[in-house]
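Below, each chain spelled out in residue letters.
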Amino acid sequence: MSTTANHSAVLTLPSDTQLLITREFNAPRHLVYKAWTTPELVKRWWAGQRGQVTSAEIDLRAGGQWRFVMIANGGFEVAFHGEYREIVPEQRVVCTEVYEQPGVPEPEQPVVCTYTFTGEGDRTHLHLLVDHPDKALRDLILESGMESGMQESLHALDLVAQSLR
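Fair warning: this is a prediction, and the values are worked out from it, not measured in the lab.

(A) A look at the overall build of the protein. Each helix and strand in the protein was counted, giving 4 helices and 8 strands. Tracing the protein from N to C terminus, the helices and strands come up as β-β-α-α-β-β-β-β-β-β-α-α. The dimensions of the protein, computed from C-alpha atoms along their principal axes, are 45 × 35 × 30 Å. Expressed as a percentage of its 165 residues, the buried residues of the protein come to 42%. Put simply, 45% of the contacts in the protein that link residues at least 6 apart link residues at least 24 apart. In the structure as shown, the protein presents an accessible area of about 8,700 Å², 51% of it carried by carbon and sulfur atoms. Between the centroid of the 14 positive side chains of the protein and the centroid of its 22 negative side chains there is a distance of 6 Å.

(B) Region of interest: the packing of aromatic side chains. According to the stated counting rule, one finds 8 aromatic pairs in the structure shown. Between the aromatic rings of tyrosine 33 and phenylalanine 117, the centroid separation amounts to 5.5 Å while the plane-to-plane angle is 85°, which identifies the pairing as edge-to-face. With tyrosine 33 in helix H1 (residues 29-37) and phenylalanine 117 in strand S7 (residues 111-118), the pair connects residues that are 84 residues apart, well separated along the chain. Between the aromatic rings of tryptophan 36 and phenylalanine 117, the centroid separation amounts to 5.9 Å while the plane-to-plane angle is 75°, which identifies the pairing as edge-to-face. Of this pair, tryptophan 36 sits in helix H1 while phenylalanine 117 sits in strand S7, and the two are 81 residues apart along the sequence. There is no split in this pair, since tryptophan 36 and phenylalanine 117 are both buried. Counting every residue linked through ring pairs, the aromatic cluster contains Tyr33, Trp36, Trp45, Tyr115 and Phe117. Across the ring face of phenylalanine 25, the terminal group of arginine 23 is positioned such that the distance to the ring centre comes to 4.8 Å.

(C) A look at the side chain of arginine 23. Mapped onto the secondary structure, arginine 23 falls in strand S2 (residues 18-25). At 3.5 Å, the side chain of arginine 23 forms a polar contact with the side chain of aspartate 158.

(D) Molecular detail of the side chain of aspartate 139. Considering the arrangement of structural elements, one finds aspartate 139 in helix H3 (residues 135-143). Judged by relative accessible area, which is 17%, aspartate 139 ranks as buried. Within the structure, the side chain of aspartate 139 is placed 2.6 Å from the side chain of lysine 135, a separation counted as a polar contact.

(E) Structural context of the sheet that holds strand S3 (residues 51-58). Taking strand neighbours across the sheet as the criterion, the 8 strands line up as S1-S2-S8-S7-S6-S5-S4-S3 in an open arrangement whose pairing is antiparallel. Two strands in the sheet have a free side with no partner beyond their single neighbour: strand S1 (10-12) and S3. Mean inter-strand twist for the sheet, computed between neighbouring axes without regard to direction, equals 20°. Here 6 bridges tie strand S6 (residues 92-99) to S7, and the two strands are oriented antiparallel to one another. Bridging from a neighbouring strand, valine 93 pairs with tyrosine 115 of S7. Lying over the sheet, helix H4 (residues 146-163) contacts S1, S2 and strand S8 (124-131), oriented at roughly 30° with respect to S2.

(F) Quick look at unusual backbone geometry. Residues other than glycine seldom take positive phi values, yet glutamate 90 does so here, at roughly 65°. Inspection of the secondary structure puts glutamate 90 in the loop between strand S5 (77-88) and S6.

Rules used throughout
- Residues numbered from 1 in each chain as written.
- Predicted model: local features only at pLDDT ≥ 70, side-chain atom pairs only at ≥ 80, totals over all residues.
- Heavy atoms only, no water.
- Helix = DSSP H or I, 4+ residues; strand = E, 2+ residues; numbered from the N terminus.
- Buried < 20%, exposed > 50% of the residue type's maximum accessible area, 1.4 Å probe, protein only.
- Contact = heavy atoms within 4.5 Å.
- Areas by Shrake-Rupley, 256 points an atom, 1.4 Å probe, with all protein chains shown as cover.
- Lys, Arg positive; Asp, Glu negative; His and termini not counted.
- Charge placed at Lys NZ, Arg CZ, Asp CG, Glu CD.
- Phe/Tyr/Trp six-rings, centres within 6.5 Å; stacked < 30°, edge-to-face > 60°.
- Lys NZ or Arg CZ within 6 Å of the ring centre and 35° of its normal.
- Polar contact = N/O pair within 3.5 Å; in protein donor to acceptor, adjacent residues only side chain to side chain.
- Pairing = 2+ DSSP bridges.
- Axes fitted to C-alpha atoms, helices over the stretch in contact; angles between N-to-C directions.

Encoded structure:
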């Protein structure tokens, strides 16, 4: 599978419970990884054009926690958090991901994301496999419009990583 010529992310459905997102970046792997895992840099790309990141907390170790919060352009707060399960610097990050909804308890089984960074020289490939506990949740996320926000965020990530050269 390859990305399109304009370097937008490609989203596929490998199984009834999975999303696979792939994208190529115009920056070396160590810089894409740095932008992905450094709170000050996450604040520059995570919201795309949909708001302002107000908090990016990262404890980058197995068992460590992460939490990102933004104020969306509509004035409401959007937050996600999770726990890191595996870290291989500049190569692989496995973590859970939970969307924080006021008044809704955390799910029994969270979404699990596996980020794989590959590439050489000035190009990086990101493979993001998102495992959902069931098809209904995966489909709900797809129907939420997440793809357009994800495209914006990953484009912004590319720009931030390039700026680190």
